[in-house]
Amino acid sequence: MIDYLKSVIANSPNRLISYAEYIDAALYHPDLGYYMKNKQKIGSQGDFITTSNISDVYGRIIAKWFARICEKIGLEPAFCEIGAGNGRFAHAFLQEWEESIKTPLTYIIVESSPYHLKLQNELLKSHYSIVQVSTLNDLEPFEGMVFSNELFDALPVHVIEKENGQLFEKMVGIKNNSLYEDKVSLTNPSILSFLEETGLELKEKQRLEVPLLMKEMVRDISRVLTKGIVVTADYGYTKEDWNHPSRIKGSLRGYYQHQMIHDVLEHPGEMDITTHIHFDWLIQKGEQEGLNFYSKLRQDEFLLKAGILKELENHYDPNPFSEVSKRNRAIRSLIMPAGISTFFHLLIQQKGIKDDHLFEA
């Protein structure tokens, strides 16, 4: 990866590349990128954990909720998951659909990682019928639901900072096989437009990540979804949150063997890189593309509204070591104060419909 980055940087203006270019290479290079490599990333042997790897209840709850929506408003049962990782969410969703819903379903996975495609095929293909594509552009327009879990936080971002009253874009260079950070005056018109649209004004010494690719992703989702629901599960901040003094250093960071790494220039190609997303801008861009805002809920709030407590009521076993009891403990962990769910939000948007009661049977 260092040799590749050295070549890219050497052929760039001023021998510097943006953080967005660096992150794109570090995560998505076809052979050298972190997400593309044949390496475990999720779980105890990887670098991070996701909700789907704590319990199958997450996928099962969303399957039941989606089925109720389809029946309530007459929506076609087509479910599109962008970035399905190891396939555990899809497996839980499809298992629940087969066991309790039993109506025809189209399940689409958008996945660019060969390694994750392999894991998904091993887990799903022998039991379920799924459609797999590399990008949203490979899909014909459909109606249904588009779902993503920690998708937007993994998109490459630009990094800017205010110094002595002037805005700079932070850049990446290389010297003696070591990456380093530099800066140039901020002239990128797309970044300047982002600041104008969001109304964000940086304080002195404040760093901020600018997710320009978010706009393209929202446009692609809206293009492929003719009618239905978009559900985005992720961690992020509102404009008010970004203005809080605790956000002065931004949110860009890496995860390497379950350790948070503040300098994302370490371990290029070997480490997950992530940022908190701009929820207000995501909502704004969605509205411009016909994705109408419905609600933004903390993950625990969403799970409660979607009926997770019924899972506890319907599955009780006095034996604390049974599989049922283990599952119930996992369910409780998803709704406990200070648990993993309090760090995530689910943003729900509608296209071509207007239903104010998506959580009612």
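Placed above this text is the structure.
A few points on the structure. All values reported here derive from a predicted model rather than from experimental measurement. (Residues numbered from 1 in each chain as written. Predicted model: local features only at pLDDT ≥ 70, side-chain atom pairs only at ≥ 80, totals over all residues. Heavy atoms only, no water.)

### Overview of the side chain of His158
Summarising the element assignment, His158 is placed in strand β6 (residues 158-163). Its relative accessible area of 13% is what places His158 among the buried residues. Polar contacts involving the side chain of His158 include one to the side chain of Glu169, which spans 2.7 Å. The residues contacting His158, other than those within four sequence positions of it, are Ser18, Ala20, Glu169, Asn188, Ile191, Leu208, Glu209, Val210 and Leu212. (Helix = DSSP H or I, 4+ residues; strand = E, 2+ residues; numbered from the N terminus. Buried < 20%, exposed > 50% of the residue type's maximum accessible area, 1.4 Å probe, protein only. Polar contact = N/O pair within 3.5 Å; in protein donor to acceptor, adjacent residues only side chain to side chain. Contact = heavy atoms within 4.5 Å.)

### As for the packing of aromatic side chains
Within this structure, the stated rule accounts for 22 aromatic pairs. Here a set of aromatic residues connected by ring pairs shows up, and it is made of Tyr58, Phe66, Phe79, Phe89, Phe93, Trp97, Tyr107 and Phe147. Looking at Lys175, its charged tip hangs above the ring of Tyr180, at a distance of 5.8 Å from the centre. One Lys or Arg, Lys296, reaches over the ring of Phe279 and ends 5.0 Å from the middle of that ring. (Phe/Tyr/Trp six-rings, centres within 6.5 Å; stacked < 30°, edge-to-face > 60°. Lys NZ or Arg CZ within 6 Å of the ring centre and 35° of its normal.)

### Some details on helix α10 (residues 299-306)
Of all the residues in α10, the buried ones are Gln299, Asp300, Phe302, Leu303 and Ala306. Axial view of α10: buried residues confined to an arc of 160 degrees, hence all on one face. Of the residues trailing α10, Gly307 is marked for its positive phi of about 105 degrees. (Arc of directions from axis to C-beta.)

### Points about the sheet that holds strand β2 (residues 78-82)
The strands making up a sheet associate through hydrogen bonds between their backbones, and the pairing can be parallel or antiparallel. Ordered in space as β4-β3-β2-β5-β10-β17-β16, the 7 strands form an open sheet in which the pairing is mixed. In this open sheet, the two edge strands, each paired with only one partner strand, are β4 (131-133) and β16 (292-298). For this sheet the average axis-to-axis angle between neighbouring strands, irrespective of direction, equals 15 degrees. Note that strand β5 (residues 142-149) and strand β10 (residues 225-234) share 8 bridges and pair parallel. Pairing of Phe147 across the sheet is with Val231, part of β10. α10 rests against β16 and β17 (345-351) of the sheet, and its axis sits at about 105 degrees to β16. (Pairing = 2+ DSSP bridges. Axes fitted to C-alpha atoms, helices over the stretch in contact; angles between N-to-C directions.)

### Considerations on empty space enclosed by the protein
All told, the structure shown has 1 cavity of 30 Å³ or more when counted by the stated rule. Taken as a whole, the largest cavity holds about 40 Å³ of empty space. Lining the largest cavity are Phe152, Val157, Glu209, Val210, Pro211, Met214, Thr275, His276, Ile277 and His278. Elements that contribute at least two residues to the lining of the largest cavity include exactly β9 (207-210) and β15 (277-278). Partitioned by chemical class, the residues of the lining of the largest cavity number 6 nonpolar, 3 polar and 1 charged. (1 Å grid on protein atoms, 1.4 Å probe; cavity = no way out; pocket = protein on both sides within 12 Å on 5 of 7 lines; lining within 4 Å. Points joined across faces, edges and corners; volume = space filled by probe spheres on them. Nonpolar A, V, L, I, M, F, W, Y, C, P; charged D, E, K, R; others polar.)

### What about the sheet that holds strand β14 (residues 272-274)?
Pairing in this open sheet of 3 strands is antiparallel, and the strands run β13-β12-β14 from one edge to the other. With partners counted over all chains shown, the strands left at the sheet margins are β13 (259-261) and β14, one partner each. Each adjacent strand pair in this sheet contributes to an overall mean axis angle of 30 degrees, direction not counted. One ladder, built from 3 bridges, connects strand β12 (residues 253-256) with β13; its direction is antiparallel. Paired with Tyr255 across the bridge in β13 is Met260.

### Looking at the environment of Asn121
Within the secondary structure layout, Asn121 lies in helix α5 (residues 114-125). For Asn121 and Val224, which are 103 residues apart along the polypeptide, the C-alpha to C-alpha distance reads 24 Å.

### Some words on the nonpolar core
Counting residues in each nonpolar core, the largest one holds 47 residues, and the members touching the most others are Trp65, Phe79, Phe93, Tyr107, Phe302 and Ile348. By size, the runner-up hydrophobic cluster in this structure holds 39 residues, among which are Val110, Leu151, Ile160 and Trp242. (Core = buried A, V, L, I, M, F, W, Y, C linked by side-chain atoms within 4.5 Å.)

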